[in-house]
Amino acid sequence: MNQKVKTFLATDLLDKYLIGLTTASETLEVEHYISEYPQVKKAYQKLEEKLEFTAQLNAVKAPKSILDNVLDSLDDKPVITLKPAKSKKWYSLAIAASVAALLFAGTSAYLLNQNNNLVDENQTIADEIFDLRSDISNNNSTLNQLLEQFKQLNNPETEKYVLTGNTRAKNLKTVAYINPEEKKSMIDVVSLPQLPDDKVYQIWANLQDKMVSLGVLSEADRRLQEIPYTEDALGLSISIEPKGGSQIRSNDTPVAEISLKLND
C-alpha cells in the first residue's frame, strides 16, 4: 500500500461519503480513490457491510400482540359514515410528519454515532500499527548496536583491561576494551561499591602530561557502552570525585588504575 492510499484511509472521507456528508469535491475524490485503488474499494465495502449489519441488528419489528388487539377490536356493529373533517385530517398528517421527522432524526443520530465509532476504531488501529513499527525500529536499532559491540569484542585488535579496586573500593570492577586500529573504546561496569550521595566514580585516561576525563561511572550503566577513545593514552584510572564529575582529577590516590600497552 503506497503512502498516498495510507494518507487517504487515515481521513474520515470514506465514512462521510457512506452517509452522504461529503461535499461535491470530496465525493469526486472518494469515488476516484474507490475506482482506482483496490485497497480503498475493499475498505469502503467493509464499511458498507458494517453499516448494513448494524441496521439489521437494530431493526425492531412491531409486536404481534398489537395486530391481534386491533383485529379483536373489530366487530359486526354498523359502521357510521362520517364526513371527514379537514382540520382532523390536517392534524393527523402533522402528527405523522412529526413522527417521521423524529424517526429520521433518531436514525441519523444513530448512524452518525456509529460513524464516529468507526473513525475512532480506525484511528486506534492506526495508532497501534504506528507504535508497533516504532517498537520494531527501536529493537532493530538495539540489535544492530549489540551486533556491533560483539564484533568489536571479537576483533583480534581489541585489547581487554580489567580494573579492580584497591582497599578504598574493594568490590570495584570494570573491564575496558580498546581497539587502537579502529580507535574505539568500550567499558563494562561490573560492580561499583556504594558512595555517599555527594560523590561519584570517574574514569580518566593518563596521557604523558595530563589526565583526560572519560566520563562518570554509575551502577545504572551496568552494560557495555562506548567511552571516548584517547590517542597515546598510557593508562586508565578511576577516582572518587564530587557529584557531577570534575574537570581535573583530585589529588587523592585513584581507587583503581591500570597501564595500557597500546604504545608497545
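Details of the structure are given in the entry above.
Residues numbered from 1 in each chain as written. Predicted model: local features only at pLDDT ≥ 70, side-chain atom pairs only at ≥ 80, totals over all residues. Heavy atoms only, no water.

> For the sheet that holds strand 2 (residues 173-179), give the residues involved together with the corresponding values.
Sheets are built from strands paired through backbone hydrogen bonds, the pairs being either parallel or antiparallel. Spatial ordering of the open sheet is given by 1-2-3-6, a layout of four strands whose pairing is antiparallel. What marks the edges here is a single partner per strand, and that holds for strand 1 (159-164) and strand 6 (224-227). With direction set aside, neighbouring strand axes in the sheet form an average angle of 25 degrees. Sheet analysis places strand 3 (residues 184-191) next to strand 6, joined by four bridges and oriented antiparallel. Across the sheet, the residue bridging to methionine 186 is glutamate 226, located in strand 6. (Pairing = 2+ DSSP bridges. Helix = DSSP H or I, 4+ residues; strand = E, 2+ residues; numbered from the N terminus. Axes fitted to C-alpha atoms, helices over the stretch in contact; angles between N-to-C directions.)

> An account of a negative patch on the surface is requested, with residue identities and associated values reported.
Judged by side-chain charge, Asp127, Glu128, Asp131 and Asp135 come together as a negatively charged surface patch. Among the secondary structure elements, aspartate 131 is positioned in helix 6 (residues 86-153). Exposure remark for aspartate 131: the relative accessible area of 43% places this residue in the partly exposed category. (Patch = residues over 30% accessible without salt bridge, like charges linked within 9 Å, V, L, I, M, F, W, Y side chains within 5 Å. Areas by Shrake-Rupley, 256 points an atom, 1.4 Å probe, with all protein chains shown as cover. Salt bridge = Lys/Arg side-chain N within 4 Å of Asp/Glu carboxyl O. Lys, Arg positive; Asp, Glu negative; His and termini not counted. Charge placed at Lys NZ, Arg CZ, Asp CG, Glu CD. Buried < 20%, exposed > 50% of the residue type's maximum accessible area, 1.4 Å probe, protein only.)

> Before we move on, can you summarise the pattern of salt bridges with the specific residues and values?
By the definition in use, this model includes two salt bridges. Residue glutamate 26 pairs with lysine 16 through a salt bridge whose shortest N-O separation is 3.5 Å. Residue glutamate 26 is located in helix 3 (residues 24-36), and its partner lysine 16 is located in helix 2 (residues 13-18); the two are separated by ten residues in the primary sequence. Note that lysine 183 and glutamate 231 form a salt bridge whose closest N and O atoms lie 2.9 Å from each other. With lysine 183 in the loop between strand 2 and strand 3 and glutamate 231 in the loop between strand 6 and strand 7 (235-242), the pair connects residues that are 48 residues apart, well separated along the chain. A residue is classified by how much of its surface remains accessible, and lysine 183, at 44% relative accessible area, is partly exposed.

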